[in-house]
Amino acid sequence: MKLLKNVINKWKNSLVKQIKRIKTEHLVKEYFKNNVLFISFLLTSVFNSTMLRFFCMHSIENYLSWKAVLADTIVVMIIGAFGYLIKPKNRFVYYFCASVFLTAICTINSAYYTFYTSFASISMLSLTQYIGDVGDAVVENVLQLKDLFYVIGPIIMILVHIKLKKKNYYKKVEVKADRRKKTLTTLTASGVLLAIFLLTLTSLDVSRFFKQWNKEYVVMRFGIYVYQVNDLITSVQPKINSMFGFDKANKEFHDYLAQKGDTTAPNEYTNIFEGKNVIVIHGESMMTNLIGLEFNGQEVTPNLNKLSKEGMYFSNFYSQVSVGTSSDSELTFNTSLLPTKSGTAFVSYSDRTYIGIPTLLKEKGYYTFSMHANNADFWNRRAMHNNLGYDKFYSKSDYEVTKENIIGLGLSDKEFFRQSIDKMKQINEEHEKWYGLLIMLSNHTPFSEVEKYGEFPVDIKETIINEEGVEEEIIHPYMEETKLGNYFKSVHYADEALGEFIQQLEENGLLENTVFVLYGDHDARLPRKDYNLLYNYDLETDEMYDKEDPRYKEYDSYQYELGRKVPFIIWTKDMAGSKLNFENTNVMGMYDVVPTLGNMFGFSNSYILGHDIYYIKDSNIVVFPNGNWVTNKLYYNSQKVAYLPLSEEPITEEEISKNTEYTNKILEISNDIIVFDLLNKEKNQEMEGD
Ligand code: GP9
Ligand code: MN
């Protein structure tokens, strides 16, 4: 009897389980059937965001980051939940528009990442006015097939819609109360997922999320949609902050100044150039790896090589630009401040107070000017060059620009220099001492006007003895037809222009009492695979060495990042062979220029972030706007939380966290100086008085 009871009980239990399972299955099926639109929207949107991480960041842990998938799911569910409030017959329009919107976020970020190796910011919208000018460059260099991949989302939505229409899905009646219930249930489910997500966050996740410096990290942990919402808030935040957070920023700035210590002290370079004229060349997209590079025995940049050999050459120098590229370089070179967290100093914060080299030299009796043959409002230079202290800004309207003398974005460098010489001669006659910046333009991405650059083959010519015993020349294509190859041709042209300019300066006596300073404004932003070809070309196959080949030298992401160095050279016509003629290999950043030149020319500014390189020497640190930093010992990538040792010296955890903290501090202080206008004495007195 007992046995029978047991058997019946067991059978009953299993039947209940079975029914429950069928019920659940039925419920799930029913849910899918009734919510096809919502589910398609959810899946395609999360898939697109995942693919964006896959295309941009390449590593499995990035694109399969479950935190990012969960965060994306939550955002899409919240957007999707409100779709239920709309009557079924109109609901598709809502989901389709939302899908197009999220797809646009993925496409824009995908293309943006190719260009800047970073994710897009709403604050950049104020820069769209420049897109017309560099638009072709962007389209040619940036838009790739992968960026169009994301339209798959809206396409699937349309297909689902057609199918549902056929099945009369939209005809069903849903009362208002039901629709509200569905919205509430979906929002509750998102809330539960959000709670789970929040519980999994580490303090590092939270701090990086709020700082938003490390955009890759934020996208990796929070997904692109949360990133973009966060970006929207942080983009408008500075405007609001500059009204409310002043006291805190001001206090932190003064605390920083009090504990900062010296950035320079008298040394053997103090005042060596006092009273001399200065010519600064802004070398568009000029990189350090060009120096000494040859094709078939012909130097790519013979003039840059000559300057580096005869002058004071800083071969471990980095520009510290963010999205403001050229303008960021000009800002940091002149003020020792770093680019802002969102927007660009030149465009979004042109009304702030800056202490630029021109202002400081003017106090010493200099006449200061800048020259650039592009539209004066490009990068808002008209306003900013005035603000930085240049007495006069010569722009496009001061030059004769004809169709024949245009390369890329505007007047060719050769013509620009030629026409500038006359203006400089006059300045030299009228002023005792002067400081002038000349911004080059021709060597600008996409480096595609090859026919205008003049002959410079980037192939490899080889002379062999053929089967008949006769000498024969073989031409291997090597870098021909590659973007990097075209860059070499373009920069060869720019270098030639530079050579002609120096010659014209000499002929006109403008080098007599003059110090010539040259900096590369940023790297050429070219694909890493082209560098791999440069270093791994197999003459036998005319292709790259196989990755397994022992001769293969991987140009990995670290090499690529370190390879973004730009030249910084200080040269005078009589420097060769003197005690000032040497190469300095200490790591140095654009923000070290003000104190380094200041020491040599006898000007100073207390509100700087960099150091005189002859004071800090081998203990220097260069911080980058994305939170990465480099010292002589190591390069630290804060996006990857990983580093590359650069010397044999042991590396400690403490020094990594100390330097990372320092980097964050410097970036924060720099941002605050600009956003809160902390160098504006009058405004600060007023605010402090309130
Ligand atoms: C534009 C030129 C180029 O006038 O300086 O700017 P970039 O695109 O390099 O920032
Ligand atoms: Mn530039």
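Model, not experiment: these values are computed from the prediction. (Residues numbered from 1 in each chain as written. Chains lettered and ligands numbered in written order. Predicted model: local features only at pLDDT ≥ 70, side-chain atom pairs only at ≥ 80, totals over all residues. Heavy atoms only, no water.)

(A) Summary view of the overall build of the protein. Of regular secondary structure, the protein possesses 26 helices and 22 strands. With the C-alpha coordinates aligned to their principal axes, the bounding extent of the protein is approximately 115 × 90 × 55 Å. Residue burial in the protein is summarised as follows: out of 690 residues, 54% are buried. For the protein, long-range pairs separated by at least 24 residues make up 75% of all intrachain contacts whose partners lie at least 6 apart in sequence. In the structure as shown, the protein presents an accessible area of about 32100 Å², 57% of it carried by carbon and sulfur atoms. (Helix = DSSP H or I, 4+ residues; strand = E, 2+ residues; numbered from the N terminus. Buried < 20%, exposed > 50% of the residue type's maximum accessible area, 1.4 Å probe, protein only. Contact = heavy atoms within 4.5 Å. Areas by Shrake-Rupley, 256 points an atom, 1.4 Å probe, with all protein chains shown as cover.)

(B) Main features of the pattern of salt bridges. Scanning all chains against the criterion turns up 30 salt bridges. A salt bridge links Asp530 to Lys529, with the nearest nitrogen and oxygen atoms 3.8 Å apart. (Salt bridge = Lys/Arg side-chain N within 4 Å of Asp/Glu carboxyl O.)

(C) Up close: the coordination of the manganese ion (ligand 2). Distances from the manganese ion (ligand 2) to its protein donors, Glu284 (OE), Glu284 (OE), Ser326 (OG), Asp521 (OD) and His522 (NE2), fall within 2.1 to 2.5 Å. Along the chain, the residues donating to the manganese ion (ligand 2) are arranged with the sequence spacing E-x41-S-x194-D-H. Highlighted residues: Ser326 in helix α14 (residues 325–335) and Asp521 in the loop between β13 (514–520) and α21 (528–535), separated in sequence by 195 residues. Judged by relative accessible area, which is 7%, Ser326 ranks as buried. (Donors = N, O, S within 2.8 Å, 3.2 Å for Na, K, Ca; no water.)

(D) Region of the structure containing the pairing of strand β6 (residues 367–371). Extensive coverage of β6 is indicated by the burial of 5 of its 5 residues. Neither face of β6 is exposed, since Tyr367, Phe369 and Met371 on one face and Thr368 and Ser370 on the opposite face are all buried. Two strands pair when backbone bridges link them, and β6 and strand β10 (residues 434–439) are joined in this way by 5 bridges, in the parallel orientation. Considered in β10, the bridge of Tyr367 is made with Trp434. Both β6 and strand β7 (residues 392–394) contribute to a ladder of 3 bridges, which runs parallel. Its bridge partner being in β7, Met371 is matched across the sheet by Tyr394. The β-α-β motif built from β6, the intervening helix α17 (residues 381–388) and the parallel element β7 has right-handed crossover chirality. (Pairing = 2+ DSSP bridges. Right-handed = clockwise from strand over helix to strand, strands pointing away.)

(E) Summary view of the sheet that holds strand β22 (residues 642–645). Across the sheet, which stays open at both edges, the 4 strands sit in the order β19-β20-β21-β22 with antiparallel pairing between neighbours. Either end of the sheet is taken by a strand with one partner, and the two such strands are β19 (621–623) and β22. Averaged over all neighbouring strand pairs, the angle between strand axes comes to 10 degrees, with direction disregarded. Summarising the sheet, strand β20 (residues 629–631) and strand β21 (residues 634–637) pair through 2 bridges and their orientation is antiparallel. If you follow Trp629 over to β21, its bridge partner there is Tyr636. Of the strands in this sheet, β19, β20, β21 and β22 touch helix α25 (residues 653–675), which is tilted by about 50 degrees from β19. (Axes fitted to C-alpha atoms, helices over the stretch in contact; angles between N-to-C directions.)

(F) Representation of the site of ligand 1 in the model. Around ligand 1 sit Glu284, Thr325, Ser326, His372, Asn374, Phe378, Trp379, Arg381, Leu441, His444 and His522, and that is every residue in its neighbourhood. For ligand 1, an oxygen atom lies 3.1 Å from a polar atom in the side chain of Glu284. Between ligand 1 and Asn374 there is a distance of 2.8 Å, counted from an oxygen atom to a side-chain nitrogen or oxygen. Broken down by class, the residue content of the shell around ligand 1 amounts to 3 nonpolar, 6 polar and 2 charged. (Near = heavy atom within 4 Å. Polar contact = N/O pair within 3.5 Å; in protein donor to acceptor, adjacent residues only side chain to side chain. Nonpolar A, V, L, I, M, F, W, Y, C, P; charged D, E, K, R; others polar.)

(G) A nonpolar patch on the surface, seen in detail. On the surface, a cluster of nonpolar side chains totalling about 420 Å² of accessible area is made up of Val151, Ile155, Ile158, Leu159 and Ile162. Among the structural elements, Ile158 can be located in helix α8 (residues 152–166). For Ile158, a relative accessible area of 35% translates into the label partly exposed. (Patch = residues over 30% accessible without salt bridge, like charges linked within 9 Å, V, L, I, M, F, W, Y side chains within 5 Å.)

(H) Main features of the packing of aromatic side chains. In the structure shown here, the tally under the stated rule is 47 aromatic pairs. With centroids separated by 5.4 Å and ring planes inclined at 45 degrees, the aromatic side chains of Phe295 and Phe488 adopt a geometry described as tilted. With Phe295 in strand β2 (residues 294–295) and Phe488 in helix α20 (residues 483–507), this residue pair connects regions lying 193 residues apart in the sequence. Taken individually, Phe295 and Phe488 each receive the classification buried, so the pair is uniform in this respect. Through a chain of ring-to-ring contacts, the aromatic side chains of Phe295, Phe447, Phe456, Tyr478, Tyr487, Phe488 and Tyr537 assemble into a single cluster. The cationic tip of Lys392 hangs over the ring face of Tyr394; the distance from NZ or CZ to the ring centre is 4.8 Å. (Phe/Tyr/Trp six-rings, centres within 6.5 Å; stacked < 30°, edge-to-face > 60°. Lys NZ or Arg CZ within 6 Å of the ring centre and 35° of its normal.)

(I) Quick peek at the domain arrangement of the protein. Assigned domains within the protein: domain 1 (35–243) and domain 2 (267–448 + 482–624). For domain 1 and domain 2, the distance between their C-alpha centroids amounts to 39 Å. (Domains from an automatic or database assignment.)

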